Amino acid sequence: MLTTGEVITASVKVLSECNKVLELGLFALDLTKTVSHEDFQQMQATHLGQVTPFLREHWPASIKNLVRTSFKDIGKGWFNVRETREDVYGESKLQRFFRMVALRMQDSVVFMAEASLTGFADLIVERCEHEVTVVSAADVRLTSPAGSSGLGLFSLEIVVTEQGLAYRVPPSHYKEVVLGVYSRGVSSTLGIAQVEKYVMDQMFWSDTPMLQTIHPAEGIVPEQQARFLAAMDKAIPPAEAYLATLAQYHEYVLFDEPAFAAKYAADERPIAEMVPEVKRHLQLANEMEQIIPLRVSLGLFNVSCAAVRKLLVERHTSLANIILKRMSAAPMATSKQIMAAFGDTMRNLNKPMITIEDVAELEEYVNNLPAEMEELNQMLQGMVKEQEIIDQFEVIMSDSDFTAYYATLATPKRVDEQITLVHAKAAEKREAFAVEMQSEQDAFGKSIDRLEKLILGFDKHKSFDKVKDVAAEVRKIQAELNDAEEKRGVFNKREVIFGHEVTDYSQLAKATKAFEPYASLWLTSDKWVESRKDWFAGAFNRMEPEVMETDLAAAQRTLYKLAKTFESNQALADIVATVKAEVNEFMPNMPLITALRNPGMRDRHWQQLTEQVGKDMTQAASNSFTLTEMLELNLEQETDIVTKICDVAGKEYAIEQAMDKMEREWKGVTLEVMPYRESGTFVIRGVDVIQQMLDDQIVMTQSMSFSPFKGPFAGRINEWEKTLTLISDVIEEWIKVQRAWMYLEPIFSSDDIMRQLPTEGKRFANVDRTWRKLMAAASNESDVIAYSKTPRLLQQFQEANQMLELVHKGLAEYLETKRVAFSRFYFLSNDELLEILSQSKDPLAVQPHLKKCYEAINKLIFEPDLAMTAMISGEGETVPFTKKLYPKGGVEYWMSDVMYEMKASVRQSIIESTADYKETPRSEWVLKWPGQTLIAVSQIYWTTEVDQVLSGGGNEALHEYFPKVYEQLLALTKIVSGTVTKLQRKALGALITIDVHARDVTQALRDNGVRQVTDFAWIAQLRYALQDGHDASKVGVPGDCLVKQLDGVFGYGNEYLGCSMRLVVTPLTDRIYLTLTGALQLFLGGAPAGPAGTGKTETTKDLAKALAKQCVVFNCGPELDYLAMGKFLKGLAMSGAWACFDEFNRIDLEVLSVVAQQVSSIQQAAMSGQKRFVFEGAEIGLDPACAVFITMNPGYAGRSELPDNLKALFRPVACMVPDYALIAEIRLYSFGYTDARRLSQKMVKTFQLASEQVSSQDHYDFGMRAVNTVIQAAGNNRAANPDGVEDLLVLSALADSNRPKFLAEDMILFNAILGDLFPGFVVPTPDYTDLLDIIRDECSKACIIPTDFFLAKCIQIYEVSVLRHGFMTVGPTGGGKTLAKHVLLKAQRRLDPANNSEFGNPSYKTTKQYVLNPKSVTMGQLYGQFDENTHEWTDGIIPILYRAAVNESAEHDSTDKQWIVFDGPVDALWIESMNTVLD
């Protein structure tokens, strides 16, 4: 082929062109600075934009042209470029030449591409090879390989987002950027056409042959890609780590400055307390500039932190300025206050001195001013100190503030100058007023002399005809005397001011006294003359008998006195006699006037008078009729008739007035209609006032209807009575509808309920429409009477009530069907059950209600497809299900499935754990399985081992076996003392409690010489075994766990119990177990009886745990009836659960008799082996494992004696004081105490000595509950200090649990007892510094003095709240009980880390309290009660509050504490039931 010159020339030229390609590169690799991802992409795109056209267009075109040029002169033959025939061309050398050209081009592109890809990967890898260690934002340690520039390739910028700090472009995005550039570079080498087609253009080509360059998925391409991606994966984490170092600043990055400013604007602390915060923020601003660099190199990345640093510096500076602004406002506020006070002072000092009184007042003010000025000067000094504090921060004052500040400083001097001026002016005025007063007093003395002369000569007036003139002169003299008396007071007062001797003006008093008889005579005479004239000539119908009688009586009294006074003055005595005679003459007319002027007189009465006296009396009602005319009628003879008719008129008038008053009272009485939640309608409230008015007025109206004087108003009375009755009926029906509607509305708002109760739903919808229409009308017409008279209103309410009764009945039947389907629903109230049913569509929403239906299931684990795979207890223990469950069908059906699966899972867990026990060391096994499984399997093996020991070697073998039991117990104690989780500690505690009993039983069997498995001492114990199919009892199926006692065999109930504690088994407990299991074997109940605190209820509950049964505890009261008990017992019979009825003998005797029949029917059915039986008229299923237990405390008053037919159904068992020492010992063992026996004896001895030596107080308790508290505290101490000295831990528990309740004098005795029992040990004092500091601050805010005693009580309340779930603060009114609690809660809220991230303490949590007064409501309202009408349970305040508190924690995952506070007096009624609630 290379034999011709043209071919050689062409080959050389092609090689030259291919060498040009080798000099190219796919990427711009000469990067001398860091670039952003946009710049990097732009640079690479620009570079590739030049290379790609060359490779795909210019380069092939150049080769095409040079080949054509080289072969243009060659004609036909081997190298004919004008060949048209494909077969000829296929055999030619020209085709081989083009194949060589293509191979050379391919090699050039491949070599160039491989070099470029390797170079690109080298660039990335070289920049990623740095070892980066991020210590902090300011400390990044970069170790670069030798020869590396250390220059980062990419620039990153940290910016602020709504979520906090973040990279503007995430570092991981750069992988995508680099990968994109790399992929585009690879793609650029593809699609390069071979030149063959373009040179041989005379031939037909079906497609364009392409150069075969590099494959994107093979060879070097994926190799180099993996290489640089791996390097980037290593380089990206330091960038993320660096961003994480800035997370500590998120609080201030996202800080709410307006809220901060508002908080400080309302902050009333002294500004000196704010100085540390200002300094802290200014220091932080400086630290931000030091700590956060502008730019930091992280190998591949150069990170810009400028925006973050700028933001944080500005943020802290801004916060400091906010505080400084608040601080600057303080001296200005003080300045305004001082200036206002000084302004008042200056105004007072500038008051004009018009009188001597003004002078004296101003002088007194000036004398009192120094004290006021001292207070203002102290404020001034405080202002100066505040300003000095602010000045240290170089805060610039505004011109107005500057002027005001220095004007305030200058004000005291101005006041002093004004005081000096006032002193001078007052002295001048005093002198002038003294001269002026002397002249006035001289004139006043002369005026008194003149008045005295007038009075002494007044007896010259002796003519009665001149009475009017004399009376006028009397009034004039009286006015002058009054004026003179006023002046006398002024002069005497001024004399005191001037320091003069007080002038005696007794002459004036004598003159006044001498004038009194004359004044009385002439004024009384004048008034009589005028009145007599008006009475006789005036209109009779305007006369006022009451006023007339008052005036006449006063005149008679005055004239009687004057007759004695003027006995020696005949002329004046005659005037007195004359007036007196006229008055006495007029008096007989008054009865007639009074009768005829009765306000009840109407036309009918005047007509009746006219008819009976025979004279026209109708004119007496006219305005022209006078008293004179009336007297001329000579009615004196007809007085009886007139009086009788007028009395009737008065009585009728009283009825009329009463009717008017009742109607007036309803004016303005409106219906108080208010919107109801988000329902879009209204409800009525405040009807008590209306009801009271109705009751009062109906009684009054009915009494009036029986009055003999109702005649004229009979129709009106009857009509009013109908109106009142209508209103009363409407209100009564209205309230009934409202109560039912408010109860049913949220129920039928649920689509689930509406779907399941279509008929009742339609009925309720009809009532709802009526209700909304009527309530809308009531909101528009709020007048009670007008609305009540709405046509058909009463009928509509009555019809609605009838319809709602049908809805209620249907709802009750519906709930009954649900309860029959899942019998545990019988233990829920209607409200709780409806709440579950209303959420049945969403199984997750039913979760919060699980604990009401199962003993210990708190939650279920749901997978995304809603498959239920495990159950979780309240303690957090998880037990997987044996299979997946799906919530199919109604909630009652899948909850039944959960119940069966719960039992199957517990059963399977016991079977698997039994097998695992043999293969796993016990120390590992106890940490591996659920707590309930541990106890059951441990008991199975203990029973089996004892059986084997007794069967194989008798009592001698027990001696050899006992050390094994003891060693196992010690091993558990060591495990629980070590590092275990809280859940494991609780499970081990319960296991140790049972294992200690097993040890004690084993020891007793050994010591008492037991040799056979049939000995009573052994078979009297609870013994566990797995049913293997050979058990003689035939109870259960193979694999079931059985529990045996004596000859009784019981199936293990497999109710999941969670990780709950177990009761310490004492000899008393054994006796109770023995009695109760004996009763169960005979299908009877048990009746533990005994004093409070002896463990009646707890032992029954613990036996239920031992047999894995659900045990429902119910507190009985006199409000229980047989229907409610029947409903409860029906649930027990169907579910196979146990019930423990606390205080059973509080139920009324009549109810107990019926309950006896109900319990008897269940027991008889169980004894006869029936699967179904008739109970209360309905056939129901029976689980014979059900049982009823009752506890009684015979010592309390108000207890019923059980009927004989009821006593026969229960095996009695007496409960006495338990063995405190044994209980304490076993519980201490369970907490990991090794010397539990000695410490338990000391604990019990402490209580014994305390009960004997301290004073007797109602609130002292040294019983089981007190012992239990100390044991629990000792357990907490052990968990907190696993390596602590055991004596010291128990001593601390005794002190902390008991000191709060002792009086001061008893505290000394108790400390002495502790000192004797624990010699050499001192109770450690916990560090509550942070809590006490906050309590003191809260006391300061509340203006309370934080005495040591008060602080101690706050701490004690905190300590007791940690130990107990119920406690009582006892003390007199005003002792600080409530206040100490409030202060403590505020302090805990402030120390909660959720509220105080900087100084918070996780030991303290925000506490939400629900406060009520238990004595302000009835027992039914407090705890709940059965409705006598519907026989349904209604929750009381306590259940509602308790449920709200639990939901707050459960549903909202709140870690806040919840306190229900009973702030009120304690009595035996409500506190007795509280015992059951707390237990």
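Everything quoted here is computed from the prediction, not taken from an experiment.

Examining the sheet that holds strand S10 (residues 868–873)
One open sheet accounts for three strands, arranged S9-S10-S11; its pairing is antiparallel. At either end of the open sheet lies a strand with only one pairing partner, and these are strand S9 (857–862) and strand S11 (878–885). Sheet twist, expressed as the mean angle between neighbouring strand axes with direction ignored, is 25 degrees. Relative to S11, S10 runs antiparallel, the two sharing four bridges.

Re the side chain of threonine 334
Mapped onto the elements, threonine 334 comes out in helix H11 (residues 306–349). Assessed through its relative accessible area of 13%, threonine 334 is described here as buried. Residues in contact with threonine 334, not counting those within four places in the same chain, are Met379, Met383 and Glu386.

A short note on empty space enclosed by the protein
All told, the structure shown has five cavities of 30 Å³ or more when counted by the stated rule. Of the voids in this model, the largest cavity is the one considered here, and its volume is about 150 Å³. Residue lining of the largest cavity: 16 residues in total, with Gln939, His997, Leu1022, Val1065 and Tyr1073 positioned closest to the centre. Counting only elements with at least two residues in the lining of the largest cavity, the list comes to helix H33 (931–977), helix H34 (982–1007) and helix H36 (1067–1081). Counted by class, the lining of the largest cavity contains ten nonpolar, four polar and two charged residues. Of the pockets and cavities examined, the second largest cavity occupies roughly 110 Å³. What lines the second largest cavity is a set of 15 residues, and nearest its centre among them are Gly931, Gln932, Ile935, Leu1057 and Arg1062. Of all the elements, H33 adds the most residues to the lining of the second largest cavity, at four residues. Its residues assigned to classes, the lining of the second largest cavity comprises nine nonpolar, four polar and two charged.

A look at the side chain of threonine 1406
Within the element layout of this structure, threonine 1406 appears in the loop between helix H48 (1377–1391) and strand S22 (1407–1412). A polar atom in the side chain of threonine 1406 sits 2.8 Å from the side chain of aspartate 1392. Beyond its immediate chain neighbours, meaning those up to four positions away, threonine 1406 contacts Gln1388, Arg1389, Asp1392, Asn1395, Asp1456 and Lys1457.

Remarks on the packing of aromatic side chains
All told, the structure shown has 42 aromatic pairs when counted by the stated rule. Ring centres of phenylalanine 120 and tyrosine 182 lie 5.9 Å apart, and the angle between their planes is 35 degrees; this geometry places the pair in the tilted category. Linking phenylalanine 120 in helix H4 (residues 93–128) with tyrosine 182 in helix H5 (residues 171–188), this pair joins segments that are 62 residues apart in sequence. What makes tyrosine 182 buried here is its relative accessible area of 1%. Taken together, the ring pairs connect Phe27, Phe40, Phe120, Phe154, Tyr174, Tyr182, Phe228 and Phe301 into an aromatic cluster. One Lys or Arg, arginine 1006, reaches over the ring of phenylalanine 962 and ends 4.5 Å from the middle of that ring. For the cation-ring pair, arginine 1278 lies above tyrosine 1233, with the distance from its terminal atom to the ring centre recorded as 5.4 Å.

A short note on the pattern of salt bridges
Across all of its chains, the model carries 47 salt bridges by this definition. Salt-bridge contacts for aspartate 122 lead to arginine 227; the nearest nitrogen and oxygen are separated by 2.5 Å. Taken together, the residues aspartate 122 in helix H4 and arginine 227 in helix H7 (residues 220–245) connect sequence positions 105 residues apart. Judged by relative accessible area, which is 33%, aspartate 122 ranks as partly exposed. Notably, a salt bridge pairs arginine 1011 with glutamate 956, separated by 3.1 Å at the nearest N-O pair. Of this pair, arginine 1011 sits in the loop between H34 and helix H35 (1016–1019) while glutamate 956 sits in helix H33; the two residues are 55 residues apart in sequence, bridging distant segments of the chain. Linked by salt bridges that have partners in common, Arg999, Asp1000, Glu1225 and Arg1237 make up one network.

A few points about the environment of alanine 1124
The topology assignment puts alanine 1124 in helix H38 (residues 1122–1135). Along the chain, alanine 1124 and alanine 259 lie 865 residues apart, while their C-alpha atoms are 55 Å from each other.

Considering a nonpolar patch on the surface
A grouping of Phe402, Tyr406 and Leu409 is seen on the molecular surface, where their side chains present a nonpolar patch of about 290 Å² in accessible area. Secondary-structure assignment places tyrosine 406 in helix H13 (residues 399–456).

Re the nonpolar core
A general trend in soluble globular proteins is that nonpolar side chains are found buried together. By size, the foremost hydrophobic cluster in this structure holds 166 residues, and its most contacted members are Trp666, Trp734, Tyr854, Leu860, Met895 and Met1243. Here this core takes 14 residues from helix H23 (residues 714–748), the largest share from any one element. Sequence-distant contacts of tyrosine 854, that is, excluding residues within four places in its chain, are made with Phe822, Arg824, Met895, Ser896, Val898, Met899, Met902 and Glu1055. Among the nonpolar cores identified, the runner-up in size contains 104 residues, and Phe40, Val181, Tyr264 and Phe393 belong to it.

Section: the sheet that holds strand S5 (residues 295–298)
As summarised here, the arrangement of the four strands in space is S4-S3-S6-S5, forming an open sheet in which the pairing is mixed. One side of each edge strand has no neighbouring strand; the edge strands of this open sheet are strand S4 (164–167) and S5. Across the sheet, the axes of successive neighbouring strands diverge by a mean angle of 25 degrees, strand direction being ignored. Pairing of S5 with strand S6 (residues 301–304), which is carried by four bridges, proceeds in the antiparallel orientation.

Let's talk about the environment of isoleucine 448
Mapped onto the fold, isoleucine 448 is located in helix H13. When the C-alpha positions of isoleucine 448 and glutamate 1098 are compared, they lie 100 Å apart, and in sequence the two are 650 residues distant. If sequence neighbours within four positions are ignored, isoleucine 448 has contacts with Tyr505, Gln507 and Leu508.

Side note on the state of the cysteines
Such a bond, covalent and formed between the sulfur atoms of two cysteines, is termed a disulfide. Per the counting criterion, the structure on display carries zero disulfides. A disulfide-free cysteine, cysteine 1041 has its sulfur positioned 18 Å from the sulfur of cysteine 1059, the nearest such atom.

Some remarks on the packing of helix H21 (residues 639–666) against helix H22 (residues 687–705)
At a minimum axis separation of 12 Å, H21 and H22 run at an interaxial angle of 160 degrees. By the angle between their axes, H21 is roughly antiparallel relative to H22. You can see that H21 and H22 cross each other, and the crossing is left-handed. Judged by residue contacts, Ile655, Ala658, Met659, Met662, Glu665 and Trp666 of H21 engage Ile690, Met693, Leu694, Gln697, Met700, Thr701 and Met704 from H22.

Points about the confidence of the model for the protein chain
Mean pLDDT over the protein chain: 83, with 96% of residues reaching 70 or higher. Element-level pLDDT for the protein chain is lowest in helix H3 (residues 86–91), with a mean of 67, against a maximum mean of 94 in strand S20 (residues 1187–1190).

Digging into the packing of helix H1 (residues 5–22) against helix H2 (residues 37–71)
Two numbers describe how H1 lies on H2: the axes approach to 9 Å, and their chain directions differ by 165 degrees. By the angle between their axes, H1 is roughly antiparallel relative to H2. As for the relative orientation of H1 and H2, their crossing is right-handed in sense. In contact with Glu6, Val7, Thr9, Ala10, Lys13, Val14, Glu17, Cys18 and Val21 of H1, H2 contributes Phe54, Leu55, Trp59, Ser62, Ile63, Leu66, Val67, Ser70 and Phe71. Its residues placed into classes, the contact of H1 with H2 shows twelve nonpolar, three polar and three charged.

Conventions used here
- Residues numbered from 1 in each chain as written.
- Predicted model: local features only at pLDDT ≥ 70, side-chain atom pairs only at ≥ 80, totals over all residues.
- Heavy atoms only, no water.
- Pairing = 2+ DSSP bridges.
- Helix = DSSP H or I, 4+ residues; strand = E, 2+ residues; numbered from the N terminus.
- Axes fitted to C-alpha atoms, helices over the stretch in contact; angles between N-to-C directions.
- Buried < 20%, exposed > 50% of the residue type's maximum accessible area, 1.4 Å probe, protein only.
- Contact = heavy atoms within 4.5 Å.
- 1 Å grid on protein atoms, 1.4 Å probe; cavity = no way out; pocket = protein on both sides within 12 Å on 5 of 7 lines; lining within 4 Å.
- Points joined across faces, edges and corners; volume = space filled by probe spheres on them.
- Nonpolar A, V, L, I, M, F, W, Y, C, P; charged D, E, K, R; others polar.
- Polar contact = N/O pair within 3.5 Å; in protein donor to acceptor, adjacent residues only side chain to side chain.
- Phe/Tyr/Trp six-rings, centres within 6.5 Å; stacked < 30°, edge-to-face > 60°.
- Lys NZ or Arg CZ within 6 Å of the ring centre and 35° of its normal.
- Salt bridge = Lys/Arg side-chain N within 4 Å of Asp/Glu carboxyl O.
- Patch = residues over 30% accessible without salt bridge, like charges linked within 9 Å, V, L, I, M, F, W, Y side chains within 5 Å.
- Areas by Shrake-Rupley, 256 points an atom, 1.4 Å probe, with all protein chains shown as cover.
- Core = buried A, V, L, I, M, F, W, Y, C linked by side-chain atoms within 4.5 Å.
- Disulfide = S-S within 2.5 Å.
- Parallel < 35°, antiparallel > 145°, perpendicular 65-115°, else oblique.
- Left-handed = near helix turned anticlockwise from the far one by under 90°.
- pLDDT = per-residue confidence, 0-100.

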